[in-house]
Amino acid sequence: MTAYIIRRLMQSAAVVLAMSIIVFLGLHVVGDPIYLLIDPQADQAEIERTIRRLGLDQPIYIQYFNFIGNALTGNLGTSFVHGTSALKLIVDRMPATLEIAIAATLMSIFIGIPLGLYAGLKPDGFISKSIMATSILGFSLPTFWVGIMMIMVFAVMLGWLPSTGRGPTATFLGITSSLFTIDGLRHIAMPALNLALLKISLVIRLTRAGTREAIHQDYIKFARAKGISTSRIVGVHLLKNIMIPVVTVLGLEFGNLVAFSVVTETIFAWPGMGKLLIDSIQSLDRPVIVAYLIIIVLLFVIINLVVDILYSILDPRVRIGEKSA
Amino acid sequence: MSVTDAGAVNATVRRPAAQTPFQRFVADYTESRLATIAFILLIATMVLALIAPWIVPQNPYDLAQVDIMDSRLKPGTPASSGKYTHWLGTDGAGRDLVSAMLYGLRISLAVGVMSGLIAMALGAAIGLVAAYVGGRTESLIMRIVDLQLSFPAILVALMLIAILGKGVDKIIIALVTVQWAYYARTVRGSALVESRKEYVEAARCLGLSNARILFGHILPNCLPPLIVVVTVQTAHAISLEATLSFLGVGLPQTEPSLGLLISNGFQYMLSGEYWISFFPGLVLLMTIVVINLVGDQLRDVLNPRLSK
């Protein structure tokens, strides 16, 4: 187990190193670093001074080590637009993004699992067929268009929910989040649902497949024979067994949610890191782009690492497979 | 009656008319009515996109034909020139939406199909080489594939665009980079199976060159799964391009795809002018669903395990 974790950690470190080289080469070889790192409004003398100050006149490998050294000390440059530390800008926006990703994950659990269970228990009913047909749509509809349509229906036509922005936040148990205020919940409902649509479809399919498989297993038959009520069989015996794959997939998909929040945040003007990235690409605010890329790569590597380790604890076959490979 | 005769009788019973493989494929495919309709719609969409300049009432990007006074007209309003009716309304710049949508469809399809084909050529070649060479090269290539597939497509595309900048060529580079790994994985999988078969051994005994065995013998036998991946990935590419364009980091305003039309209409959405975003979105949705339906049916037809 320890050996597996150490090997997995080393792999992650290699990925981060590879990504840092790609980002560095992308910015310094494909693009022009002077244009990337210096404010375009600077004059010639200013540019020369900055080149020397940033060490851009030095060989490429020394520049790379400087870049890594700066990154490790949290110095990822200063935003041209905001004039503050790029890293701090991202970290300030992170809670909003995590909030919407967590809300979407909760939605996919609390909407996807009951619907999937129903479709699995009564596979031939009209409602089940409608659920499955809708879940196919959930896979093929472009997220951003669904978001626009949601705004059109719920904000413009019906006027039920606010169309943009994040609601007021409140602090509860040391966590500041808009999930703890009524207006905050009204604001997060649409963006979170929009982000969750794909995952809800996924959870419905997983739960349905799991239910269909488990319903014929001996332990369910035995529980029935003992005279246990149907609600207890479904709620305890069945649910416990189909939750393992669902939870694993949702864990892996969390990083996906964070990445896709770029789209949702742009539609609903949600002040998260994704919106910041798009704004920065538009305004050519390169230090913020670099900081975002580095943070998101780290986030992904950490999520993949945690899920892999958890999975190897849950399922010993993964570790055995590693050894023989 | 001899054994061969019995075999011949059996064969005629099983297959009353002699069918070429293509006829058999067509017969299998048209078994599903939904898939047949989807295929006809797909062809219709492609033809519409191809002949768009000759059938639309106005060239939406010729400023002489567009009147800014006509902007944001409701669907069904006649044009100020009186020559035609804006059946689906006009957008913020006064362009006829039907015309703009067909032009947009052209660009969306062109970008999607082109990136799909380049990614396929690149991915298939890499996958074939990986399967054929084996050893360290193979595991290095497959590690890169795994690594890339562990990041979501939109993130990889955004990263590339952030580094490369905007433009049609950059979008195609980004889409190809996102997609090649799927093709490489698929082709490597089937090439591994194929390369152990006897006909490959026979070709090797004949002293054929590696390249000829790879591309002349193994590749044609890897085509069925590859065709399925092409359809599904092209739909993905169109959707991804639309998303990037919607975010404003995709195609430039001079080459507006469906995603950009939706994005342009978004600002008028809050004042209730729904049609500018709604109709292009519907066309985009239909295109993606139709391609997916065709892909699904192709997967069923081309899968030897499901064939009767």
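These numbers were taken from a predicted model, which means no experiment stands behind them.

Time to look at the overall build of chain A. Within chain A one finds 13 helices and 2 strands. Long-range contacts, defined as pairs at least 24 residues apart, comprise 72% of the intrachain contacts of chain A with a sequence gap of at least 6. Put simply, chain A shows about 16,600 Å² of open surface, and 67% of that area lies on carbon and sulfur atoms.

Tallying secondary structure elements over chain B gives 11 helices and 2 strands in all. For chain B, the N- to C-terminal ordering of α and β elements is α-α-α-β-β-α-α-α-α-α-α-α-α. Residues classed as buried in chain B amount to 45% of the 308 residues present. Expressed as a percentage of contacts within chain B between residues at least 6 apart in sequence, the contacts between residues at least 24 apart total 68%. Accessible surface for chain B amounts to roughly 15,200 Å². Of this, 64% is attributable to carbon and sulfur atoms.

Before going further, it helps to spend a moment on the packing of aromatic side chains. All names here are of chain B. One pass over the structure, following the stated rule, counts 8 aromatic pairs over all chains. Pairing F246 with F266 gives two aromatic rings, centres 5.8 Å apart and planes at 55 degrees, and the pair type is tilted. Within this pair, whereas F246 is found in helix 9 (residues 210-247), its partner F266 is found in helix 10 (residues 258-269), the two being separated by 20 residues in sequence. In this structure, F246 and F266 share a single accessibility class: buried. An aromatic cluster is defined as three or more aromatic residues linked by ring pairs; in this entry it consists of F22, F25, Y29 and F39.

Looking at the secondary structure, you find F110 of chain A in helix 5 (residues 86-121). Sequence spacing of F110 of chain A and V203 of chain A is 93 residues, and the spatial spacing of their C-alpha atoms is 9.8 Å.

All names here are of chain B. Between helix 9 and helix 10, the shortest axis-to-axis distance is 7 Å and the interhelical angle comes to 35 degrees. In this structure, helix 9 crosses over helix 10, and the sense of that crossing is right-handed. Counting all contacts with helix 9, which are made through A242, S245 and F246, the residues of helix 10 involved are G259, L260, I262, S263 and F266. When its residues are assigned to classes, the contact of helix 9 with helix 10 shows 5 nonpolar, 3 polar and no charged.

The accessible area lost on association of the parts is a frequent measure of interface size. The partner chain B presents 36 residues to the 36 residues of chain A that form the contact. In this assembly, chain A packs against chain B so that about 3,200 Å² is buried in total across both faces, 84% of it on carbon and sulfur atoms. Area buried by chain A at its contact with chain B is led by F144, W145 and I148 of chain A, which between them contribute 19% of it. Where chain A touches chain B, the interface holds 0 salt bridges. The interface formed by chain A and chain B holds 1 residue pair in polar contact (both at pLDDT 80 or more) in total. Listed by contribution, the elements that provide at least two residues to the side of chain A that touches chain B are helix 1 (2-30), helix 7 (143-157), helix 10 (230-267), helix 11 (273-282) and helix 12 (286-314) of chain A.

Another aspect to go through is the side chain of S245 of chain B. Along the chain, S245 of chain B turns up in helix 9. Setting aside chain neighbours within four positions, we find S245 of chain B in contact with G250, L251, S257, G259, L260 and S263 of chain B.

Before going further, it helps to examine the pattern of salt bridges. For side chains bearing opposite charge, pairing can occur when the charged atoms are close. Residues and elements named next belong to chain A. Inspection of every chain in the model, using the stated rule, returns 6 salt bridges over all chains. Salt-bridge contacts for K88 lead to D92; the nearest nitrogen and oxygen are separated by 3.0 Å. Taken together, the residues K88 and D92, both in helix 5 and 4 residues apart, mark about one turn of the helix. With a closest N to O distance of 2.5 Å, E253 and K199 form a salt bridge. With a gap of 54 residues between them, E253 in helix 10 and K199 in helix 8 (residues 182-214) connect regions that are remote in the sequence. Residues E253 and K199 agree in their burial class; the two are buried.

Time to look at the packing of helix 5 of chain A against helix 6 (residues 126-140) of chain A. For any two helices packed against each other, one specifies the crossing angle of their axes together with the interaxial distance. All names here are of chain A. Two elements in contact, helix 5 and helix 6, have axes separated by 9 Å at closest approach and are oriented at 130 degrees. Judged by the angle between their axes, helix 5 and helix 6 are oblique. Seen along the crossing, helix 5 lies across helix 6 with a hand that is left-handed. Contact with helix 5, carried on its side by L115, Y118 and A119, involves I127, S128, I131 and M132 of helix 6 and no other residues of that element.

Moving on, we come to unusual backbone geometry. Residue A269 of chain A is not a glycine yet carries a positive backbone phi of 50 degrees. Within the secondary structure, A269 of chain A sits in the loop between helix 10 and helix 11.

What follows concerns the confidence of the model for chain B. All names here are of chain B. Of the residues in chain B, 84% have a pLDDT of 70 or more, and the chain-wide mean is 80. For chain B, the element scoring lowest by mean pLDDT is helix 1 (residues 3-14), at 48; helix 7 (residues 168-194) scores highest, at 89. When the criterion is pLDDT under 50, residues 1-9 qualifies, and its contacts beyond four places in sequence or with other chains add up to 1 contact. This complex was scored by the predictor with a pTM of 0.80 and an ipTM of 0.76.

All names here are of chain A. With the rule as written, the count across this model stands at 1 cavity of 30 Å³ or more. Each pocket or cavity is described by its volume, and for the largest cavity that value is around 110 Å³. Along its surface, the largest cavity is lined by L137, G138, L141, T143, V146, N194, L195, L197, L198, K199, L257 and F260. Among the secondary structure elements, those contributing two or more residues to the lining of the largest cavity are helix 6, helix 7, helix 8 and helix 10. It is helix 8 that provides the largest number of residues to the lining of the largest cavity, a total of 5 residues. Considered class by class, the residues forming the lining of the largest cavity number 8 nonpolar, 3 polar and 1 charged.

With that settled, the discussion passes to a nonpolar patch on the surface. Together, F39, I43, M46, V47, L48, L50, I51, W54 and I55 of chain B make up a nonpolar patch on the protein surface, roughly 870 Å² of accessible area in all. Among the secondary structure elements, W54 of chain B is positioned in helix 3 (residues 33-55).

Counting residues in each nonpolar core, the largest one holds 140 residues, and the members touching the most others are I267, Y292 and I296 of chain A together with L158 and I218 of chain B. It is helix 9 of chain B that provides the largest number of residues to this core, a total of 17 residues. Residues contacting Y292 of chain A, with those up to four places away along its chain left out, are I90, V262, M273, G274 and L277 of chain A together with L155 of chain B. One finds L117, V203, A214 and V246 of chain A within the second-largest nonpolar core, a separate group that totals 12 residues.

Cut-offs used in this document
Residues numbered from 1 in each chain as written. Chains lettered and ligands numbered in written order. Predicted model: local features only at pLDDT ≥ 70, side-chain atom pairs only at ≥ 80, totals over all residues. Heavy atoms only, no water. Helix = DSSP H or I, 4+ residues; strand = E, 2+ residues; numbered from the N terminus. Contact = heavy atoms within 4.5 Å. Areas by Shrake-Rupley, 256 points an atom, 1.4 Å probe, with all protein chains shown as cover. Buried < 20%, exposed > 50% of the residue type's maximum accessible area, 1.4 Å probe, protein only. Phe/Tyr/Trp six-rings, centres within 6.5 Å; stacked < 30°, edge-to-face > 60°. Axes fitted to C-alpha atoms, helices over the stretch in contact; angles between N-to-C directions. Left-handed = near helix turned anticlockwise from the far one by under 90°. Nonpolar A, V, L, I, M, F, W, Y, C, P; charged D, E, K, R; others polar. Buried area = accessible area lost by both parts, 1.4 Å probe. Salt bridge = Lys/Arg side-chain N within 4 Å of Asp/Glu carboxyl O. Polar contact = N/O pair within 3.5 Å; in protein donor to acceptor, adjacent residues only side chain to side chain. Parallel < 35°, antiparallel > 145°, perpendicular 65-115°, else oblique. pLDDT = per-residue confidence, 0-100. 1 Å grid on protein atoms, 1.4 Å probe; cavity = no way out; pocket = protein on both sides within 12 Å on 5 of 7 lines; lining within 4 Å. Points joined across faces, edges and corners; volume = space filled by probe spheres on them. Patch = residues over 30% accessible without salt bridge, like charges linked within 9 Å, V, L, I, M, F, W, Y side chains within 5 Å. Core = buried A, V, L, I, M, F, W, Y, C linked by side-chain atoms within 4.5 Å.

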